[in-house]
Amino acid sequence: LLSIAIITSAVCTAQNPVVHYYKMQENYVQFTENDEGALPAVTKSIQWAKRNNNLKHLLYTYQDAAFYSANAENKLKFMDSCVQTARKTEDAALISKALLDRGIVYYFNFRNFDKALEQYLLAAQSAEYTNDDYLKYKIKYQIGVVKSYLGFYQEATQYFQDCLFFFANNIQRN
């Protein structure tokens, strides 16, 4: 009976590498953003993912660590780890999302618009290797926001118009 449970668990984990992540996330999902009370459980999840060489689990848990950290420098360190982990997966969508999230930390927590733009442009490059149009336009929107803050209003307007067209068409279709 024990061997059946072990085999079933191994098969489920192999088929979906984030099953265990969601189970561990239940230990801290009730915390709010910047509530470091979640970090002990997040740290356990990071340790589990490293021990089991589960890159997706590790990536998602680094995102959680950034979300629950109150300190901007720590948020950035966790997002740096997230980007490094995403690159190890060689999955363009995961890499793009991690770069987008790191850009958001630069934008929101540091008000470093140049660094944010740099991350968004890298995210856009990576997103070109995906079929995820929503991701591509989410990134374009963020590029538009930062370009407007940097004073590139015409460029920002073009990004916003592209996004408006994309999202308006997709809302009507859905």
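Quick look at the structure, then. A quick note: this is a predicted structure, and the numbers were derived from the prediction, not measured.

Procedures and definitions
Residues numbered from 1 in each chain as written. Predicted model: local features only at pLDDT ≥ 70, side-chain atom pairs only at ≥ 80, totals over all residues. Heavy atoms only, no water. Helix = DSSP H or I, 4+ residues; strand = E, 2+ residues; numbered from the N terminus. Expected span 1.5 Å × (residues − 1). Polar contact = N/O pair within 3.5 Å; in protein donor to acceptor, adjacent residues only side chain to side chain. Buried < 20%, exposed > 50% of the residue type's maximum accessible area, 1.4 Å probe, protein only. Contact = heavy atoms within 4.5 Å. Core = buried A, V, L, I, M, F, W, Y, C linked by side-chain atoms within 4.5 Å. Salt bridge = Lys/Arg side-chain N within 4 Å of Asp/Glu carboxyl O. Phe/Tyr/Trp six-rings, centres within 6.5 Å; stacked < 30°, edge-to-face > 60°.

## Details of helix α6 (residues 92–110)
- Its 19 residues give α6 an end-to-end C-alpha distance of 26 Å, which sits within 8% of 27 Å, the value for a rise of 1.5 Å per residue.
- Put simply, Asp91 is the residue that caps the front of α6, since its side-chain oxygen is 2.9 Å from the backbone nitrogen of Ala93.
- Following α6 by one or two positions, Arg111 has its phi on the positive side, about 55°.

## Some thoughts on helix α7 (residues 113–127)
- When the terminal C-alpha atoms of α7 are compared, their 20 Å separation across 15 residues agrees well with the 21 Å that a helix rising 1.5 Å per residue should span.
- All of the buried residues along α7 are Phe113, Ala116, Leu117, Gln119, Tyr120, Ala123, Ser126 and Ala127.
- Buried residues along α7 sit against α6 and α8 (133–149).

## Quick notes on the environment of Ala156
- Its location among the elements puts Ala156 in helix α9 (residues 153–173).
- Overall, the relative accessible area of 2% leaves Ala156 in the buried class.
- Here the alpha-carbon distance between Ala156 and Val146, two residues 10 residues apart in the chain, equals 7.8 Å.
- Beyond its immediate sequence surroundings of up to four residues, Ala156 is in contact with Gly144, Lys147 and Ser148.

## Considerations on the nonpolar core
- Core analysis: the largest hydrophobic core is formed by 41 residues, its most contacted members being Tyr28, Val42, Tyr107, Tyr120, Ile139 and Val146.
- Looking at this core, the element that brings in the most residues is α6, giving eight residues.

## Here's the deal with the pattern of salt bridges
- A complete count under the given rule lists three salt bridges for this structure.
- Put simply, Arg102 and Asp80 hold a salt bridge, and the shortest N to O gap is 3.0 Å. Highlighted residues: Arg102 in helix α6 and Asp80 in helix α5 (residues 72–89), separated in sequence by 22 residues.
- In this structure, Glu155 and Lys147 form a salt bridge, with 2.6 Å as the shortest nitrogen-oxygen distance.
- Taking the relative accessible area as the measure of exposure, Glu155 reaches 39% and is therefore partly exposed.

## Overview of the packing of aromatic side chains
- This structure, assessed with the given rule, holds 13 aromatic pairs.
- Pairing Phe113 with Tyr149 gives two aromatic rings, centres 4.8 Å apart and planes at 20°, and the pair type is stacked. In this pair, Phe113 is assigned in helix α7 and Tyr149 in helix α8, connecting sequence segments 36 residues apart.
- Judged by relative accessible area, which is 17%, Phe113 ranks as buried.
- With a centroid separation of 5.9 Å and an interplanar angle of 75°, the aromatic rings of Tyr134 and Phe167 are classed as edge-to-face. In this pair, Tyr134 is assigned in helix α8 and Phe167 in helix α9, connecting sequence segments 33 residues apart.

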